[in-house]
Amino acid sequence: MDGRGSPPSYFVLTYDAGEERVLALTGHGPDFVGAVLALSSQLQRHRREPGVTVRLLPAASLPDLLERNAELFAHLDFGG
């Protein structure tokens, strides 16, 4: 729950730690089960890539996610 009593939103971040590059970032709102399924899918997809990390991150919103994990996102390249 956030400070207002709302359930958190869940995000699944997949990134290549060696290249510091984001491979995928998906938001699932308050759907924890959907987020865990996405996490499992990404883990399975990248299971043979030891440099790839997949994380489930709770936050109130995308800006909150970026703020809460500033040290992580500061080094990642979103491409573009």
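Residues numbered from 1 in each chain as written. Predicted model: local features only at pLDDT ≥ 70, side-chain atom pairs only at ≥ 80, totals over all residues. Heavy atoms only, no water.

Participant: What's the story with the pairing of strand β1 (residues 9-16) in this structure? I'm lost.
Facilitator: Each regular strand shows side chains that alternate between the opposite faces of the sheet. With eight of its eight residues buried, β1 lies for the most part within the structure. Residues Ser 9, Phe 11, Leu 13 and Tyr 15 line one face of β1 and the alternating positions Tyr 10, Val 12, Thr 14 and Asp 16 line the opposite face, and both faces are buried. With eight bridges connecting them, β1 and strand β3 (residues 52-59) associate as antiparallel partners. Residue pairing in the sheet places Thr 14 in a bridge with Val 54 of β3. Between β1 and strand β2 (residues 21-27), which pair antiparallel one after the other, the connecting turn spans four residues, and Glu 20 there sits at a positive phi close to 50°. (Buried < 20%, exposed > 50% of the residue type's maximum accessible area, 1.4 Å probe, protein only. Helix = DSSP H or I, 4+ residues; strand = E, 2+ residues; numbered from the N terminus. Pairing = 2+ DSSP bridges.)

Participant: Looking at this structure, I do not really get helix α1 (residues 32-45). What am I missing?
Facilitator: Helical geometry note: an α-helix holds 3.6 residues per turn, so side chains three or four residues apart project in the same direction. With 14 residues, α1 ought to run about 20 Å at 1.5 Å a step, and its terminal C-alpha atoms sit 20 Å apart, in line with that. Those residues of α1 lying buried are Gly 34, Ala 35, Ala 38, Leu 39 and Gln 42. The buried residues of α1 occupy an angular sector of 140° when the element is viewed end-on, so they sit on one face. Facing away from the buried side of α1 by more than 90 degrees, the exposed set consists of Val 33 and Leu 37. Among the structural elements, β1 and β3 are those in contact with the buried residues of α1. (Expected span 1.5 Å × (residues − 1). Arc of directions from axis to C-beta. Contact = heavy atoms within 4.5 Å.)

Participant: Please clarify how unusual backbone geometry should be interpreted in this entry.
Facilitator: Glycine aside, residues mostly have negative phi angles, and peptide bonds mostly take the trans form. Phi at Glu 20 is positive, roughly 50°, even though this residue is not glycine. Here Glu 20 lies in the loop between β1 and β2. Residue Glu 20 is classed as partly exposed on the basis of its relative accessible area, which comes to 37%.

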